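# Structural overview
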Amino acid sequence: PNDEFFVHMPLGLRYNYYFLEDVSFELWGAYYVTFDSELKDFLESNFRQTLLVDIPQQLTWMAGVNAVWSPIHGKFAMFTTKLAHFDFHISVGAGAVGVDLSALNFSTHDVNVAGNVGLGFRIYLLDFLALRFDYRQFFHASKKLKEIGPNEYQVTSNGLAKPAEFTIGLSFFTEAPE
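Residues numbered from 1 in each chain as written. Predicted model: local features only at pLDDT ≥ 70, side-chain atom pairs only at ≥ 80, totals over all residues. Heavy atoms only, no water.

A word on the pattern of salt bridges. Under the defined criterion, the tally for this structure stands at seven salt bridges. Of the charged contacts, one joins Glu165 and Arg14 as a salt bridge, the two residues approaching to 3.2 Å between their closest N and O atoms. Here Glu165 is found in strand β8 (residues 164-172), whereas its partner Arg14 is found in strand β1 (residues 6-18), with 151 residues between them in sequence. Taking the relative accessible area as the measure of exposure, Glu165 reaches 6% and is therefore buried. The class for Arg14 is partly exposed, based on a relative accessible area of 27%. Between Lys143 and Asp110 there is a salt bridge, with the nearest N and O atoms lying 3.1 Å from each other. Of the two residues, Lys143 is situated in strand β6 (residues 129-149) and Asp110 in strand β5 (residues 106-126); the sequence distance between them amounts to 33 residues. Assessed through its relative accessible area of 17%, Asp110 is described here as buried. (Salt bridge = Lys/Arg side-chain N within 4 Å of Asp/Glu carboxyl O. Helix = DSSP H or I, 4+ residues; strand = E, 2+ residues; numbered from the N terminus. Buried < 20%, exposed > 50% of the residue type's maximum accessible area, 1.4 Å probe, protein only.)

Shown next as structure tokens:
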């Protein structure tokens, strides 16, 4: 949501293993389907010959592990006939981010170490099904290609990238192993 030139749509999975009722270990991964933003389309269609837009990196995938803690649980009445359960959760973790780096006539793929923090909310629709809303803020090294000679490029640091992600999904719960 915070990239001016691309709209990223993450498609992913998360697997949580609850070793306590409120604490889980999460494995996750997402592939990013990317579309050009209206700003990028506008700049390219109106200033193609006079404006060179340097877009150093583009997200392609993310994966990692998180610790998730659900400190707040509650119930509310739905239509005065059914009680719905909910919980809020906090997550923190580490992982890897895949980015495509590009320069004028050259592109390559790079992998960065990343960290993240997040907040989430689940509404339990059934005993085994919940609607999940998550916000995650990621942190990883931003890189770009630096020209070191004719058609020769080197990957260099470009500060800190801070992409954010808002996801909506379904959680399916299974019985604990015996």
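Following the structure, the description resumes.
Summed over all chains, the structure comprises six aromatic pairs. Ring geometry for Phe76 and Phe86: centres 5.9 Å apart, planes at 40 degrees, overall tilted. With Phe76 in strand β3 (residues 57-78) and Phe86 in strand β4 (residues 82-103), this pair connects stretches of sequence that are ten residues apart. The exposure class assigned to Phe86 is buried, which follows from its relative accessible area of 17%. (Phe/Tyr/Trp six-rings, centres within 6.5 Å; stacked < 30°, edge-to-face > 60°.)

With eleven residues, the main nonpolar core is built from Trp28, Ala30, Tyr32, Leu59, Met62, Val97, Val99, Leu101, Ala114, Phe138 and Leu145. Contributions of two or more residues to this core are made by β2 (23-36), β3, β4 and β6. (Core = buried A, V, L, I, M, F, W, Y, C linked by side-chain atoms within 4.5 Å.)

What follows is about the side chain of His8. With respect to the helices and strands, the residue His8 is situated in strand β1. Note on His8: relative accessible area 13%, which makes it buried. A distance of 3.3 Å separates a polar atom in the side chain of His8 from a polar atom in the side chain of Thr34. (Polar contact = N/O pair within 3.5 Å; in protein donor to acceptor, adjacent residues only side chain to side chain.)

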